[in-house]
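One-letter residues, chain by chain:
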Amino acid sequence: MRRKRLLLLGGSSEAVELQQRLRQLTQVEVIFSLAGSVSQPRVEASRIGGFGGVDGLVEYIRREGIDLLIDATHPFAVKISLNALTAANTVGIPHLQLVRLPWEKQQGDNWIEVESHQEAAEILPQLGERVFLTIGRQELGKYAHLYQLWFLMRMIESPSPPIPPGEILLARGPFSLQQEIELLQRYRIQVIVSKNSGGEATYAKILAARQLSLPVVMIKRPPFPPANRVFTVDAAIDWLRQLL
Ligand code: NAP
């Protein structure tokens, strides 16, 4: 019998874990797709690069005989997630979104929750002059006009201009609590900007902020239409087993 072909859209640590665990599921052939936004991904992909919007993805699904789609992209990667949902519905194949839960505010956290980078940039000057900007490299430009502030910006690969004033730190997590505390103290950081990505790998900065009583401007998850959604790799595997 022909194995089911699963298109797994990666970009999160959960996608990597799912891909590794699916090696044991012999009834399914996994096509692991990455955007190609980092030059040295942690894992080998079956294919790299965009599909060309919804139309391109629909065409790809039909051409490659894809039977199932799991979208395990990052919770802030809304464009590809919307494309995946639309394309799967258009072709009529089962679709699942695997997305980790957001972080919840804990006692001792001083979060200022905002809807967008624009809103974050508007309130930052009231919160401090030395900012730890941990939002990756794509949206740095939204803070580039804040000349009165100084930014420590951490990301995996070098950004393109416009870049806010400050220093760029190229590093890839996970980071330990001790590392984060030392970093915040060494650079005399007064406020942190973070997306509410969820997960363990980058949570230490949130713990460090709590410990040092620093405010965190927390960018909320972008809204997403109702979809078939799970929050853990185990649940994604259960979903898959039911369909095989
Ligand atoms: P995005 O705005 O949703 O997607 C931009 C375009 O990249 C998509 O329209 C699609 O191109 C292509 N793309 C994205 N993921 C893909 C995949 N797995 N396979 C093939 N093409 C893909 O996403 P983004 O925020 O730029 O993020 C790009 C990638 O980095 C995503 O895979 C995401 O999971 C990962 N990532 C994002 C963040 C974040 O904070 N945004 C953080 C960590 C990792 P076409 O329209 O041409 O198909």
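These lines cover the structure that appears in this document, whether it is placed above or below. (Residues numbered from 1 in each chain as written. Predicted model: local features only at pLDDT ≥ 70, side-chain atom pairs only at ≥ 80, totals over all residues. Heavy atoms only, no water.)

**Topic: unusual backbone geometry**
Working step 1: The omega torsion of the bond from P161 to P162 falls at 0°, within 30 degrees of zero and hence cis.
Working step 2: Along the chain, P162 turns up in the loop between β8 (150-155) and β9 (166-170).
Working step 3: Here G173 and P174 are connected by a cis peptide whose omega angle stands at 0°.
Working step 4: For P174, the position within the fold is in the loop between β9 and α5 (177-186).
Working step 5: We note that S213 has phi near 55°; this positive angle belongs to a residue other than glycine.
Working step 6: When its relative accessible area of 58% is taken as the criterion, S213 is described as exposed. (Helix = DSSP H or I, 4+ residues; strand = E, 2+ residues; numbered from the N terminus. Buried < 20%, exposed > 50% of the residue type's maximum accessible area, 1.4 Å probe, protein only.)

**Topic: the site of the ligand**
Working step 1: If you check the shell around the ligand, you find 23 residues, and the closest are S33, F51, G52, H74 and K195.
Working step 2: Between G10 and the ligand, the recorded distance is 3.0 Å, taken from a backbone N or O atom to a nitrogen atom.
Working step 3: Here G49 contributes a backbone N or O atom positioned 3.5 Å from a nitrogen atom of the ligand.
Working step 4: Going through the elements one at a time, β2 (28-34) and α3 (78-91) are the ones with two or more residues in the shell around the ligand. (Near = heavy atom within 4 Å. Polar contact = N/O pair within 3.5 Å; in protein donor to acceptor, adjacent residues only side chain to side chain.)

**A look at the pattern of salt bridges**
Between side chains of opposite charge, a pair can form when the charged atoms approach closely.
Working step 1: Counted under the stated rule, the structure contains 14 salt bridges.
Working step 2: The shortest N-O distance in the salt bridge between D67 and R2 comes to 3.1 Å. Of the two residues, D67 sits in the loop between α2 (53-64) and β4 (68-71) while R2 sits in the segment before β1 (4-9), which places them 65 residues apart along the sequence.
Working step 3: Across the salt bridge formed by E64 and R5, the nearest N and O atoms sit 3.5 Å from each other. Linking E64 in helix α2 with R5 in strand β1, this pair joins segments that are 59 residues apart in sequence.
Working step 4: On the basis of relative accessible area, E64 is assigned to the partly exposed category, the value being 28%.
Working step 5: Residues joined in a network through salt bridges with shared partners are R5, E29, E59, R63 and E64. (Salt bridge = Lys/Arg side-chain N within 4 Å of Asp/Glu carboxyl O.)

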